Amino acid sequence: EAGVAQSPRYKIIEKRQSVAFWCNPISGHATLYWYQQILGQGPKLLIQFQNNGVVDDSQLPKDRFSAERLKGVDSTLKIQPAKLEDSAVYLCASSFGSNQPQHFGDGTRLSIL
Amino acid sequence: GDSVTQMEGPVTLSEEAFLTINCTYTATGYPSLFWYVQYPGEGLQLLLKATKADDKGSNKGFEATYRKETTSFHLEKGSVQVSDSAVYFCALSVRDNYGQNFVFGPGTRLSVLP
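Source: prediction; values computed, not measured.

Draft legend 1. The overall build of chain A, seen in detail. For chain A, the count of helices and strands is zero helices and eleven strands. Its helices and strands taken in sequence order, chain A reads β-β-β-β-β-β-β-β-β-β-β from the N to the C terminus. Since a compact globule built from 113 residues should have a radius of gyration of about 13 Å, the 13 Å found for chain A is in line with a globular shape. Judged by the C-alpha coordinates and their principal axes, chain A covers about 40 × 25 × 25 Å. Every one of the 113 residues in chain A was classed for burial, and the buried ones make up 46%. Sequence separation of 24 or more characterises 53% of the internal contacts of chain A that already satisfy a separation of 6 or more. Split by element, the accessible area of chain A, about 5,500 Å² in all, is 49% carbon and sulfur.

Here's what the structure looks like:
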């Protein structure tokens, strides 16, 4: 089966600019997650979707981060405006349901200058 | 709050050595426990899991047993190979007020030398 697809693979922007990441989960997976992984740390959950609804966004910095999954399939994560501390790898994962094993994409590495 | 603690790396072993990576957790409720592995240049992959106390997860020669009494889920392998060099993440999943909470440990880098 095709895995979780993410794009772009790398992104370099200046602080205060905007950036968006795209994720296509595994077909049939209802649950989609976005994680932030700062260098040397484990992934930190930002937001979890069940179909097109948000289940948990308690750790999403809502003043600058937003995410949507309008049709319950693909998802986008946006940062506007970016700060230096947003430099990280942004991982998308999907699963059949909550508490099921998650399948991860390769991530988008974001560098803020 | 929910948390996962792992032994600090990097861990460097010779091929065929015995591996243990310690993992302990704190959680409200009854979590499921996971080990994920991240090979160089690749995304995270599920290595093994256990969903209740005394369950043993196993895959590719790796094992971990869910120990509720010690809140631990240590990863072991009897004989490591160079191809096992990667970063290993212990993680938990538990239901909380917001839904299902997922928490990852900081990761332990393993280097296996030939």
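Draft legend 2. Fine view of the pairing of strand 9 (residues 88-95) of chain A. Residues and elements named next belong to chain A. Among the eight residues in strand 9, eight count as buried, and that is most of the element. Going residue by residue along strand 9, you find Ala88, Tyr90, Cys92 and Ser94 tucked away on one face and Val89, Leu91, Ala93 and Ser95 tucked away on the opposite face as well. As judged from the seven bridges shared by strand 4 (residues 31-37) and strand 9, these two strands associate in the antiparallel manner. Bridging across to strand 9, leucine 32 finds its partner in serine 94. By the bridge criterion, three bridges tie strand 9 to strand 11 (residues 108-112) in an arrangement that is antiparallel. For valine 89, the partnering residue across the bridge sits in strand 11 and is arginine 109.

Draft legend 3. Expanded view of the interface of chain A and chain B. Between chain A and chain B, the residue contacts involve 21 residues of the former and 20 residues of the latter. Of the roughly 1,600 Å² buried at the junction of chain A and chain B (both faces included), carbon and sulfur atoms supply 51%. Counting the surface chain A buries against chain B, the share from its top three residues, Asn99, Pro101 and Phe104 of chain A, is 29%. The interface formed by chain A and chain B includes zero salt bridges. Our count for the contact surface shared by chain A and chain B stands at three residue pairs in polar contact (both at pLDDT 80 or more).

Draft legend 4. The arrangement of the pattern of salt bridges in detail. Across all of its chains, the model carries five salt bridges over all chains by this definition. Where lysine 62 of chain A meets aspartate 57 of chain A, a salt bridge forms, and the shortest distance between an N and an O atom there is 3.7 Å. The salt bridge partner of lysine 52 of chain B is aspartate 55 of chain B, with a shortest N-O separation of 3.3 Å.

Draft legend 5. Layout of the sheet that holds strand 7 (residues 65-68) of chain A. Residue and element names in this part refer to chain A. A sheet is described by the order of its strands in space; here four strands give the open sequence 1-3-8-7, paired in antiparallel fashion. Of all the strands in the sheet, just strand 1 (5-7) and strand 7 have a single pairing partner and so form its edges. On average, each strand axis in the sheet is tilted by 15° relative to the strand beside it, whichever way the strands run. For strand 3 (residues 19-24) and strand 8 (residues 75-79), the ladder comprises five bridges, and the chain directions are antiparallel.

Draft legend 6. The pairing of strand 6 (residues 53-56) of chain A, seen in detail. All names here are of chain A. Bridging between strand 5 (residues 44-50) and strand 6 involves three bridges; their strand directions are antiparallel. In the sheet register, phenylalanine 49 faces strand 6, and the bridge partner there is valine 54. Hairpin geometry of strand 5 and strand 6 is characterised by an intervening segment of two residues between the two adjacent antiparallel strands and by a positive phi of about 55° at asparagine 51.

Draft legend 7. Region of interest: the sheet that holds strand 3 (residues 19-21) of chain B. Residue and element names in this part refer to chain B. With antiparallel pairing, four strands are arranged side by side in an open sheet as 3-9-8-7. Among the strands making up the open sheet, the edge pair consists of strand 3 and strand 7 (56-59). When the angles between neighbouring strand axes are averaged without regard to direction, this sheet yields 15°. Inspection of the sheet shows strand 8 (residues 62-65) paired to strand 9 (residues 75-77) by three bridges, in the antiparallel sense. Residue pairing across strands places phenylalanine 62 opposite lysine 77, the latter belonging to strand 9.

Conventions we followed
Per-chain numbering applies: the sequence of each chain, read as written, is numbered from 1 onward. Written order determines the labels here, with chains lettered from A and ligands numbered from 1. Confidence filtering applies because this is a predicted model: local features only for residues at pLDDT of at least 70, side-chain atom pairs given and counted only at 80 or more, and all residues used for totals across whole chains, interfaces and linings. To obtain the side-chain values, all non-hydrogen atoms of the structure were included, while hydrogens and water were left out. Counting from the N terminus, the helices are the DSSP runs of H or I reaching at least four residues and the strands are the DSSP runs of E reaching at least two. Radius of gyration here uses only the C-alpha atoms, and the compact-globule reference equals 2.2 Å multiplied by the residue count raised to the power 0.38. Only protein chains enter the accessibility calculation, which uses a 1.4 Å probe; a residue is then buried when its area is under 20% of its type maximum, exposed when over 50%, and partly exposed in between. The contact criterion used is simple: two residues touch if any of their non-hydrogen atoms lie within 4.5 Å. Under the convention used here, a 1.4 Å probe and the Shrake-Rupley method define accessible areas, while residue burial counts only the protein chains that appear. Note: two strands are recorded as paired if DSSP finds a minimum of 2 bridges between them. Buried area, as used here, totals the accessible surface that two parts lose on assembly, with accessibility defined by a 1.4 Å probe and the loss added over both. Salt bridges are counted wherever a side-chain nitrogen of Lys or Arg sits within 4 Å of a carboxyl oxygen of Asp or Glu. What qualifies as a polar contact is a pair of N or O atoms within 3.5 Å, subject to a donor-acceptor requirement within protein and to the restriction that residues adjacent in sequence count only when both atoms come from side chains. Helix axes use the C-alpha atoms of the stretch in contact, all axes being lines fitted to C-alpha atoms, and the angles between their N-to-C directions lie in the range 0 to 180 degrees.

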